[in-house]
Amino acid sequence: MYICICNAIRESELRSAARRCPGDAEACYASLGKQPACGSCLNEADAILFEEREMAFKPTTVAA
């Protein structure tokens, strides 16, 4: 699914950038060589970044 139509940024690309780039959506876009155009995607992009980073820090449980 495309998150940013203006820059043709897919959700999978944004999630990958979230794991490499510690900044907000604009910083992640910059890491992809893009910058927001209309800005209508930034709220959804920030939510995806938050979700991706939260999943990265969840402790795994080991079955006994």
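Refer to the structure printed above.
Residues numbered from 1 in each chain as written. Predicted model: local features only at pLDDT ≥ 70, side-chain atom pairs only at ≥ 80, totals over all residues. Heavy atoms only, no water.

Engineer: I tried to follow the pattern of salt bridges on my own but got confused; where do I start?
Structural biologist: Under the counting rule described, the total for this entry stands at four salt bridges. Put simply, Glu-52 and Arg-15 hold a salt bridge, and the shortest N to O gap is 2.8 Å. With a gap of 37 residues between them, Glu-52 in helix 3 (residues 42-56) and Arg-15 in helix 1 (residues 11-20) connect regions that are remote in the sequence. Here Glu-52 falls in the buried class, since its relative accessible area comes to 9%. (Salt bridge = Lys/Arg side-chain N within 4 Å of Asp/Glu carboxyl O. Helix = DSSP H or I, 4+ residues; strand = E, 2+ residues; numbered from the N terminus. Buried < 20%, exposed > 50% of the residue type's maximum accessible area, 1.4 Å probe, protein only.)

Engineer: What exactly am I supposed to notice about the environment of Leu-42 here?
Structural biologist: Relative to the assigned elements, Leu-42 resides in helix 3. For Leu-42, a relative accessible area of 18% gives the class buried. Along the chain, Leu-42 and Glu-26 lie 16 residues apart, while their C-alpha atoms are 7.7 Å from each other. When residues no more than four places from it in sequence are discounted, the contact partners of Leu-42 are Ala-25, Glu-26, Tyr-29 and Pro-36. (Contact = heavy atoms within 4.5 Å.)

Engineer: Would you mind showing me how to read the side chain of Glu-52 here?
Structural biologist: At 2.8 Å, the side chain of Glu-52 and the side chain of Arg-15 are in polar contact. Within the structure, the side chain of Glu-52 is placed 2.6 Å from the side chain of Arg-19, a separation counted as a polar contact. Discounting residues that sit within four places of it in the chain, Glu-52 has contacts with Arg-15, Ala-18 and Arg-19. (Polar contact = N/O pair within 3.5 Å; in protein donor to acceptor, adjacent residues only side chain to side chain.)

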